[in-house]
Amino acid sequence: MSNDLFTTLDRAAGRTVAEPGLDTLVGGLLAQVASGTRVVRAVAHPLGFYCLPVLRDGALGVCVHVFDPVTAAGQREIHCHSWELKSSVLYGRIGNLRIGVHDEPERPTHRAYEVHSDAAAGVDEVRPTARLVRWEALAEETSGRGETYTLRAGEFHATVLPDGTPTATVVLGRTVPGPVDVVLGPVDGAARRVVRRLCDADRTARIAQEAARRIGGHLDG
């Protein structure tokens, strides 16, 4: 059943907003989250959005990301994932800046840090590596409601809210062998632990209800 859900959402992400598809499907998932029939707790992500992990099944994952323009302001962390990503905008607008990262041991601006996540505990262990780098901005793309962008595993990027307006996306991820989660940080930085704040059931329900209301879902706001 989990594979069926992932496949259905994956196919729906290629349709336009004028056709029945992604809005209705995600609205239904959010209704389940808000009512408690799909047991999910929203996670306050360090990059300024709430993550609703509606599916976790081996290599497959589906999350609804709800961005708060206030907490997301200025959060432009350069990172790459260990999974390939397909992100579709449910409402608002989101900017995706693709980044080129080059080894530069002589005059580096950043160090690469591996991120090892324990999803059950909600903890990220951020560990410095020996890799010293510089980065350059490549293409930046802005996607609006009904539009989709993709990223390969291991491809560096940064996410921004270009208009400072409430935004939500549904993100489909598929883990692939080899790549690890990496973030760029200070050259002389140390290892650190990041604990993600887990929302309670009431707060999770309110986040799901508001997102469903904005995408024209099945709930009253």
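For the structure itself, consult the block above.
Computed from a predicted model, the values in this text were never measured in an experiment.

### Some details on the sheet that holds strand S2 (residues 49-57)
Read from one edge of the open sheet, seven strands run S9-S5-S11-S3-S2-S1-S14, paired in antiparallel fashion. A strand with exactly one partner marks an edge of an open sheet, and here the two such strands are strand S9 (148-151) and strand S14 (197-198). Of the strand pairs in this sheet, strand S1 (residues 43-44) and S14 are connected by two bridges, and their pairing is antiparallel. Its bridge partner lying in S14, Ala44 is registered against Arg197. Across the sheet, helix H4 (residues 201-214) is in contact with S2, strand S3 (60-67) and strand S5 (83-91); its angle to S2 comes to roughly 95°.

### A word on the side chain of Ser82
As for its position among the elements, Ser82 is in the loop between strand S4 (79-80) and S5. Residue class for Ser82 comes out buried when judged on its relative accessible area of 13%. Not counting the four nearest positions on each side in its chain, Ser82 is found in contact with Ala153, Thr175, Val176, Pro179, Val180 and Asp181.

### With respect to the packing of aromatic side chains
Counting across every chain of the model gives one aromatic pair. With a centroid separation of 5.0 Å and an interplanar angle of 45°, the aromatic rings of Phe49 and Phe67 are classed as tilted. You can see Phe49 sitting in strand S2 and its partner Phe67 sitting in strand S3, a full 18 residues away along the chain.

### A few points about the environment of Arg192
In this fold, Arg192 is placed in strand S13 (residues 192-195). Taking the C-alpha atoms as reference points, Arg192 and Asp124, separated by 68 residues in sequence, lie 8.4 Å from one another. The residues touching Arg192, leaving out its near neighbours within four places in the chain, are Glu77, Asp124, Glu125 and Val126.

### A few points about the state of the cysteines
The tally for this structure, following the rule as stated, stands at zero disulfides. Cysteine Cys63 is unpaired, with the sulfur of Cys51 as its nearest cysteine sulfur at 3.5 Å. Of the cysteine sulfurs around Cys80, a residue in no disulfide, the closest is that of Cys63, at 17 Å. Residue Cys80 is classed as buried on the basis of its relative accessible area, which comes to 5%.

### Quick notes on the pairing of strand S11 (residues 167-175)
Within S11, seven of the nine residues are buried, leaving the element largely enclosed by the surrounding structure. With eight bridges joining them, S3 and S11 adopt antiparallel strand pairing. Within the sheet, the bridge partner assigned to Leu60 lies in S11 and is Arg174. Pairing of S5 with S11 involves eight bridges; the strand directions are antiparallel. The residue bridging Ser87 from the neighbouring strand is Val171, located in S11.

### Observations concerning the pattern of salt bridges
Enumeration according to the criterion identifies twelve salt bridges in this entry. With a shortest N-O distance of 2.8 Å, Arg213 and Glu210 are connected by a salt bridge. You can see Arg213 and its partner Glu210 sitting in helix H4, three residues apart, about one turn around the helix.

### Let's talk about the environment of Gln32
With respect to the helices, strands and loops of the structure, Gln32 is situated in helix H2 (residues 22-35). As for Gln32 and Val54, which are separated by 22 residues in sequence, their C-alpha atoms are 9.5 Å apart. The residues contacting Gln32, other than those within four sequence positions of it, are Thr37 and Arg38.

### Observations concerning H2
Side chains of residues three or four places apart in an α-helix project in the same direction, reflecting 3.6 residues per turn. With 14 residues, H2 should reach 20 Å at 1.5 Å per residue; the first-to-last C-alpha distance of 20 Å fits that figure. Along H2, the residues that are buried comprise Leu22, Asp23, Val26, Gly27, Leu29, Leu30, Ala31, Val33 and Ala34. In the stretch just after H2, Gly36 is the one whose phi turns positive, near 90°.

Cut-offs applied
Residues numbered from 1 in each chain as written. Predicted model: local features only at pLDDT ≥ 70, side-chain atom pairs only at ≥ 80, totals over all residues. Heavy atoms only, no water. Pairing = 2+ DSSP bridges. Helix = DSSP H or I, 4+ residues; strand = E, 2+ residues; numbered from the N terminus. Contact = heavy atoms within 4.5 Å. Axes fitted to C-alpha atoms, helices over the stretch in contact; angles between N-to-C directions. Buried < 20%, exposed > 50% of the residue type's maximum accessible area, 1.4 Å probe, protein only. Phe/Tyr/Trp six-rings, centres within 6.5 Å; stacked < 30°, edge-to-face > 60°. Disulfide = S-S within 2.5 Å. Salt bridge = Lys/Arg side-chain N within 4 Å of Asp/Glu carboxyl O. Expected span 1.5 Å × (residues − 1).

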